[in-house]
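The primary structure of each chain is shown beneath.
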Amino acid sequence: YRAFDPIFQVLRTIPPLAWLPIALAAFSGMNDSLQTIGLNVNEAAGLFVIFVTSIWPILMNTAVGVQQVPQDYRNVARVLRLGKLDYFITILMPSAAPYIFTGLRIAVGLSWLAIVAAEMLTAGGGIGFFIWDSYNSGKQSELILALLYIGLVGLLLDKLVYYISKFAVQSDS
């Protein structure tokens, strides 16, 4: 934790859109390879921005979840002489799962924000491009409708992850 935390703190504070020019430059040399999997440079850079945006809340919440495993659970695992895999499956994952899903909910929301902004900058299409185009065309009603759409999709994505977490993390309470 002490070794990786400073690195994570530096990298996570870089705004996701600041990675976009680096991603565009990195993926521009891979255009032929990207086309074989059905992506263009803008889409690959957008996916990278989503990844960079979402990885930090997931990692940080997972780390907190692992740190919060009750000492009693660890003691029982020692008494039962659980192997590493059994400990991981029966103790660690169930204890950390609520934290992991909290990180996923945060990550989904942040990723949705980042991709809309990336689409505005790359002009490659998508709802972000639609908003920017509506603004430039003076179509305020379309712009407002797009904002409502973004909010509703964000709500649906959050609820989807929430209900998956409720299904995956069965609580006895």
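Residues numbered from 1 in each chain as written. Predicted model: local features only at pLDDT ≥ 70, side-chain atom pairs only at ≥ 80, totals over all residues. Heavy atoms only, no water.

Caption draft 1: Layout of the side chain of serine 95. Among the structural elements, serine 95 can be located in helix H6 (residues 84-122). Within polar-contact distance, the side chain of serine 95 engages the backbone oxygen of isoleucine 91 at 2.9 Å. Once residues within four sequence positions are removed from consideration, serine 95 is found in contact with Val69, Pro70 and Tyr73. (Helix = DSSP H or I, 4+ residues; strand = E, 2+ residues; numbered from the N terminus. Polar contact = N/O pair within 3.5 Å; in protein donor to acceptor, adjacent residues only side chain to side chain. Contact = heavy atoms within 4.5 Å.)

Caption draft 2: Quick peek at helix H8 (residues 140-168). In this model H8 runs 42 Å from its N-terminal to its C-terminal C-alpha over 29 residues, within 8% of the 42 Å that 1.5 Å per residue would give. Among all positions in H8, only Leu143, Ala146, Ile150, Val153, Val161 and Ser165 are buried. Considering only its buried residues, H8 is in contact with H6 and helix H7 (126-137). (Expected span 1.5 Å × (residues − 1). Buried < 20%, exposed > 50% of the residue type's maximum accessible area, 1.4 Å probe, protein only.)

Caption draft 3: Quick look at the nonpolar core. Core analysis: the largest hydrophobic core is formed by 19 residues, its most contacted members being Phe27, Trp112, Val116, Ile127, Ile131 and Ile150. Those elements that provide at least two residues to this core are helix H2 (20-28), helix H4 (41-67), H6, H7 and H8. Residues within four places of tryptophan 112 in sequence aside, it is in contact with Ile127, Ile150, Val153, Gly154 and Leu157. (Core = buried A, V, L, I, M, F, W, Y, C linked by side-chain atoms within 4.5 Å.)

Caption draft 4: Representation of unusual backbone geometry. Positive phi values are uncommon outside glycine, yet arginine 81 reaches one of about 55°. Looking at the secondary structure, you find arginine 81 in the loop between helix H5 (71-79) and H6.

Caption draft 5: Highlighting the environment of serine 141. The topology assignment puts serine 141 in helix H8. Look at serine 141 and you get exposed, because its relative accessible area is 58%. Through-space distance from the C-alpha of serine 141 to that of threonine 53 is 30 Å; in sequence the pair is 88 residues apart.

Caption draft 6: Representation of the side chain of threonine 122 within the structure. Relative to the assigned elements, threonine 122 resides in helix H6. Note on threonine 122: relative accessible area 18%, which makes it buried.

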